[in-house]
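Residue strings, one per chain:
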Amino acid sequence: MDARSLADAFDSVEETWEPRLLAELNGQHVKVARLDGEFVWHAHEDADELFYVLDGDLTIEYREDGREDAVHLGPGDLTVAPAGVEHRPVAHEETEVVLFEPAGTTNTGTAEESDRTVEDVERV
């Protein structure tokens, strides 16, 4: 058992769109990431994904059954992208995000090959 500092975790993350593993609990990973710009459209077929904005401005765009929607998040806000729903995070400035998702969830989910896919998530 140990205490983890979010500030220290974010200090160790320089690249954007490359999540780092902060903690694990009950089969879930808690990750931290810096985001900037648009990510790829993707879904996680069997996994919900929680986005909690620590600092910055983030929009999660959704597409499902021909409909599009968006959720805007600022510091202290969170949302959950439901399993199977196509979504795309868009950071309007450099944004610090905490992610909760099942262990083994690939960041780009169902997206075709992407240069943003992170296979082996580093631990911070």
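Heads up: the structure comes first, above all this text.
Residue numbering note: each chain is counted from 1, following its sequence as written. With the structure being a predicted model, the display of local features is reserved for residues of pLDDT at least 70 and the display and counting of side-chain atom pairs for 80 or more, all residues being used for whole-chain, interface and lining totals. Water and hydrogen atoms play no part in the side-chain values, which are based on all heavy atoms of the structure.

## Focus: the packing of aromatic side chains
We call Phe, Tyr and Trp rings a pair once their centres come within 6.5 Å, taking the six-membered ring for Trp, and we label the pair stacked below 30 degrees between planes, edge-to-face above 60, and tilted otherwise. Applying the stated criterion across every chain, the model contains one aromatic pair. Centre to centre, the rings of Trp17 and Phe39 are 4.7 Å apart; their planes meet at 20 degrees, and the pair counts as stacked. Taken together, the residues Trp17 in the loop between α1 (6-11) and β1 (20-25) and Phe39 in the loop between β2 (28-38) and β3 (49-55) connect sequence positions 22 residues apart. For the exposure calls, accessible area comes from a 1.4 Å probe over protein chains only, and a residue counts as buried if that area is under 20% of its type's maximum, exposed if over 50%, partly exposed in between. Using a relative accessible area of 6% as the deciding quantity, one classes Trp17 as buried. Over the ring of Trp41 we find Arg63; its NZ or CZ atom is 3.9 Å from the centre of that ring. Each helix is a run of H or I in the DSSP string that is no shorter than four residues. Each strand is a run of E no shorter than two, and both are numbered from the N terminus. Remark: a charge is flagged as sitting over a ring if the NZ atom of Lys or the CZ atom of Arg is within 6 Å of the ring centre and within 35 degrees of the ring normal.

## Notes on the nonpolar core
The term nonpolar core refers to a set of buried residues drawn from Ala, Val, Leu, Ile, Met, Phe, Trp, Tyr and Cys, joined through side-chain atoms within 4.5 Å. Leu35, Phe51, Leu58, Ile60, Leu73 and Val97 are the most contacted members of the largest nonpolar core, which totals 15 residues. Elements represented by at least two residues in this core include exactly β2, β3, β4 (58-64) and β7 (86-102). In this structure, Ala9, Phe10, Leu22 and Val32 belong to the second largest nonpolar core, which totals seven residues.

## Details of the environment of Leu78
The residue Leu78 is located in strand β6 (residues 78-81) in this model. Placed 56 residues apart in sequence, Leu78 and Leu22 show a C-alpha to C-alpha distance of 18 Å. By the convention used here, residues are in contact when the closest approach between their heavy atoms is within 4.5 Å. Residues contacting Leu78, with those up to four places away along its chain left out, are Leu50, Phe51, Tyr52 and Leu73.

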